Amino acid sequence: QVQLVESGGGLVQAEGSLRLSCAVSGRTFNRYAMGWFRQAPGKEREFVAVINWTGTTTQYSELAKGRFTIDRDNTKNTMYLQMNSLKPEDTGVYYCAQAQRAMGVVTALDEYAYWGQGTQVTVSS
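## Quick word on the packing of aromatic side chains
Next, step 1: In this structure the tally under the stated criterion is 4 aromatic pairs.
Next, step 2: Three or more aromatic residues joined by ring pairs form one cluster here, namely Phe37, Phe47, Tyr112 and Trp115.
Next, step 3: We note arginine 72 situated over the ring of phenylalanine 29; from NZ or CZ to the ring centre the distance is 4.4 Å.

## Here's the deal with the pattern of salt bridges
Should the charged atoms of two oppositely charged side chains come close, the side chains can pair.
Next, step 1: This structure, assessed with the given rule, holds 4 salt bridges.
Next, step 2: One salt bridge connects arginine 38 with glutamate 46, and the closest N-O pair in it is separated by 2.9 Å.
Next, step 3: Ionic pairing is found between glutamate 62 and lysine 65, a salt bridge with its closest N-O pair at 2.7 Å.
Next, step 4: Residue glutamate 62 is classed as exposed on the basis of its relative accessible area of 63%.
Next, step 5: A relative accessible area of 47% means that lysine 65 is categorised as partly exposed.

## Re the sheet that holds strand E1 (residues 3–7)
Next, step 1: Read across the sheet, 4 strands follow the order E1-E3-E8-E7 without closing on themselves; strand pairing throughout is antiparallel. The open sheet has two free edges, formed respectively by E1 and strand E7 (68–73), since each of these has just one partner strand. Here the strands of the sheet are splayed against their neighbours by 15° on average, with no regard to which way each runs.
Next, step 2: Pairing analysis gives 6 bridges linking strand E3 (residues 18–25) to strand E8 (residues 78–83), with the strands arranged antiparallel. Across the sheet, residue serine 21 finds its bridge partner in E8, namely tyrosine 80.

## Quick look at the nonpolar core
Next, step 1: Grouped together as the largest cluster of nonpolar side chains are 24 residues, with contacts concentrated most on Trp36, Met79, Leu81 and Met83.
Next, step 2: Of all the secondary structure elements, the ones that give two or more residues to this core are E3, strand E4 (34–39), strand E5 (46–51), E7, E8, strand E9 (92–99) and strand E11 (119–124).
Next, step 3: Considering every element that reaches this core, the biggest residue donor is E3, with 4 residues.
Next, step 4: Once residues lying within four places of it in the same chain are set aside, the contact partners of leucine 81 are Leu18, Arg19, Leu20, Trp36, Val48, Ala49, Phe68, Thr69, Ile70 and Tyr94.
Next, step 5: Listed in part, the 9 residues of the second largest apolar core include Phe37, Phe47, Ala97 and Val106.

## Details of the state of the cysteines
Next, step 1: Counted by the stated rule, this structure contains 1 disulfide.
Next, step 2: Linked covalently through their sulfurs, cysteine 22 and cysteine 96 form a disulfide whose S-S length is 2.1 Å. Across the S-S bond of cysteine 22 and cysteine 96 the torsion is about 60°, and the bridge reads as right-handed. Remark: cysteine 96 occurs in strand E9 and cysteine 22 occurs in strand E3; sequence separation between them is 74 residues. Residue cysteine 22 shares its accessibility class with cysteine 96, and that shared class is buried.

Definitions and limits used
Residues numbered from 1 in each chain as written. Predicted model: local features only at pLDDT ≥ 70, side-chain atom pairs only at ≥ 80, totals over all residues. Heavy atoms only, no water. Phe/Tyr/Trp six-rings, centres within 6.5 Å; stacked < 30°, edge-to-face > 60°. Lys NZ or Arg CZ within 6 Å of the ring centre and 35° of its normal. Salt bridge = Lys/Arg side-chain N within 4 Å of Asp/Glu carboxyl O. Buried < 20%, exposed > 50% of the residue type's maximum accessible area, 1.4 Å probe, protein only. Pairing = 2+ DSSP bridges. Helix = DSSP H or I, 4+ residues; strand = E, 2+ residues; numbered from the N terminus. Axes fitted to C-alpha atoms, helices over the stretch in contact; angles between N-to-C directions. Core = buried A, V, L, I, M, F, W, Y, C linked by side-chain atoms within 4.5 Å. Contact = heavy atoms within 4.5 Å. Disulfide = S-S within 2.5 Å.

That is the geometry; function is a separate question.
Here is the structure:
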């Protein structure tokens, strides 16, 4: 049984920082790309960042570029998202996901087979 468990969300003031974690079990971690997505209230889930299987290649959405950093530790089966300079519009539920087949960076939701339950991030102004 594949499990992805996010942690690290919470309430933070604008310009603050949070570090999200995603722990994976039940499936080989270091063979697949891993991604972060978010869903704001009333909106569709959207891509935030992705990292390839080795951790050497990353890609970010425009909203994340320059403020967020994705990373992974294959020895701990864990992925991270460091979020700095947070804005109220960053509020939403953040999900981690593991690619179904891809080892390289992929951004489409349907490339991902396994999802966490999500962690709430709320940024106050």
